[in-house]
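Structure at a glance
Residues per chain, in single letters:
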Amino acid sequence: MRRPALLGIAAAGLFIAALDAYVVVTLLPSMIADVGLTIDRFEQATPIVTGFLGGYVVAMPLLGAYSDSRGRAPVYAACMLVFAAGSIITATAGLWTFAGLPWLVAGRVLQGLGGGGLVPLSLALAADLYRGDARALALGSVAGLQEAGSVFGPLYGVSLAALAASAGGWRFVFWLNVPLAAICTGALLLALRRGATPMRYAGSSIDWISASLLGVGLGLLVVALYPDDPDHRATGALLVPAGIASVAVLALYGWRQLRRLEPLVPRELLRSRGFTGAAVANVLIGAALMVALVDVPVLGRLVFSLDQLGSGLLLSRFLVGIPVGAVLGGWLAGRLGGRPVAVAGILVSAAAFLQMSTWSSNELSLHAGFLRPADLALAACGLGLGIVIAPLTAAVLALTRGESHGLATSLVVLARTMGMMVGLSALTAFGLYRFHQILGTPVLTDPTLRARVDHLSRLVAAAFLQEYREIFTVAAALCVLAAVVMFATIDQRLRATAIR
């Protein structure tokens, strides 16, 4: 029972960090008010989000590779320490004159650094502890718990803040991270001391310069691609300077990768068709995932006339399917092989997106018995996107030795994360363009002002609906393309090779 307990403890810490990735979705208005920002300056709060995402991306190649050389447990403990420190800084924002927005952003960056490191660590630990058919299930279970944290993050934040209104409100959410991080770290170290094998590989080393360049370059790309005012412009204010800096840093990393005898990412891995296919598929899947995360709640508010809670509940149908699919995908991949499971899963999502592209303005009033077709489509879409997580991760791990599991898992997650960021930027640009193109310049000839306002609101809702139908069709095409890539590149012998 030591292996399940050890993996469960590590995954619990990952779950806590995943909660905080999306906890600000519902807490952000209260947070920015306490650091002196008003609602008309809401776009200035963008660094609170990008700071976490940037730290998250920077940490993955650095700490994933570092755990390969120094062991999972000490790096895990360090990540939890950084995460707890970031939580303390975030919780104290606005309490003193110097602790304004930059203080809050610094706390979120530290939380991202700690939380980002836990992702490859936990997945690599699953790969270290399990072999053969059991590995895919272990990877799916860890990924499922991570995705569950993302699902419950917004609800967890607003509920806990409301219950602890007298103990600091939103601040209590971040203060609670400190004892939780201490418990997870202590439990993991205790489990290892009682006989579990420490995950460390003799002779492995890390190229700190290359890892830093890769992490910083990708972090700058996140900042460049994130739209800070999506209602009015498709790109962020830092697109050009951060984009140029990202290209320069990544080019420097590429130059170093080519010159070193032992580069950060093994050359045989980069030459592998399986690794390239998994990376490309993850980018496509990340972009499709962002379509659902962004468009479904907006569609709920602007077309279906739902309030914020109703829009969140509509999205929850999709979100709940992801962790369920992650566990199911791991279980199926261990029995049927990675390729058919991954391809079937993403095709389920493609079919769901196609169904969503036919939605009408009264879609939520339609029922098939006790269920609504919209709910079934959202759940199926999330289920399919969750199913592919474990097979793709296992496919990359099957190509690497144990001393590179941390780096390999970080590259898998990085590809999906960067796909989400590219998808968010492209989605914003395409959405703004198509909305204005579809709406045009309305000519309103209604006799009264009230009638003209009602007419304009109907035209706006119709334009939004048409825009989202097209975006869902694009997402379906991305899923089909990912299926083709996976069918052509994932080794069907995954069950036999994933034993290293």
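For the structure, check the block above.
Read on for an overview of the structure. (Residues numbered from 1 in each chain as written. Predicted model: local features only at pLDDT ≥ 70, side-chain atom pairs only at ≥ 80, totals over all residues. Heavy atoms only, no water.)

**A few points about the side chain of S87**
In this fold, S87 is placed in helix α4 (residues 72–91). Here the side chain of S87 touches N177 through a polar contact of 3.1 Å, side chain to side chain. Other than its neighbours up to four places away in sequence, S87 contacts D20, Q111, F174 and N177. (Helix = DSSP H or I, 4+ residues; strand = E, 2+ residues; numbered from the N terminus. Polar contact = N/O pair within 3.5 Å; in protein donor to acceptor, adjacent residues only side chain to side chain. Contact = heavy atoms within 4.5 Å.)

**Some details on the side chain of T409**
Inspection of the secondary structure assignment puts T409 in helix α17 (residues 405–439). T409 gets classed as buried once you look at its relative accessible area, which sits at 0%. Here the side chain of T409 touches H405 through a polar contact of 2.9 Å, landing on its backbone oxygen. The contact partners of T409, leaving out residues within four places of it in the chain, are P120, L123, A124, T393 and L397. (Buried < 20%, exposed > 50% of the residue type's maximum accessible area, 1.4 Å probe, protein only.)

**Focus: the environment of M80**
Here M80 shows up in helix α4. Separated by 274 residues in sequence, M80 and L354 place their C-alpha atoms 41 Å apart. Discounting chain neighbours no more than four positions away, the residues touching M80 are G13, L118, A181, C184 and T185.

**Let's talk about the state of the cysteines**
Counted by the stated rule, this structure contains zero disulfides. In this model C184 remains outside any disulfide bridge; the closest cysteine sulfur is found in C79, 13 Å from its own. Given a relative accessible area of 10%, C184 falls into the buried group. A disulfide-free cysteine, C479 has its sulfur positioned 6.3 Å from the sulfur of C381, the nearest such atom. (Disulfide = S-S within 2.5 Å.)

**Notes on the pattern of salt bridges**
Within the structure shown, the criterion is met by four salt bridges. When the shortest N-O distance is used, the salt bridge between D34 and R171 registers 3.6 Å. Remark: R171 occurs in helix α7 (residues 170–175) and D34 occurs in helix α2 (residues 24–34); sequence separation between them is 137 residues. Residue classification places D34 among the partly exposed residues on the basis of a relative accessible area of 35%. Residue classification places R171 among the buried positions, given a relative accessible area of 11%. We note a salt bridge from D128 to R72, for which the minimum N-O separation is 2.7 Å. Highlighted residues: D128 in helix α5 (residues 101–129) and R72 in helix α4, separated in sequence by 56 residues. A relative accessible area of 6% places D128 in the buried class. Its relative accessible area of 4% is what places R72 among the buried residues. A cluster of three or more residues bridged by salt bridges with shared partners is formed by R317, R372 and D375. (Salt bridge = Lys/Arg side-chain N within 4 Å of Asp/Glu carboxyl O.)

Purely spatial values, then, with no claim about function.
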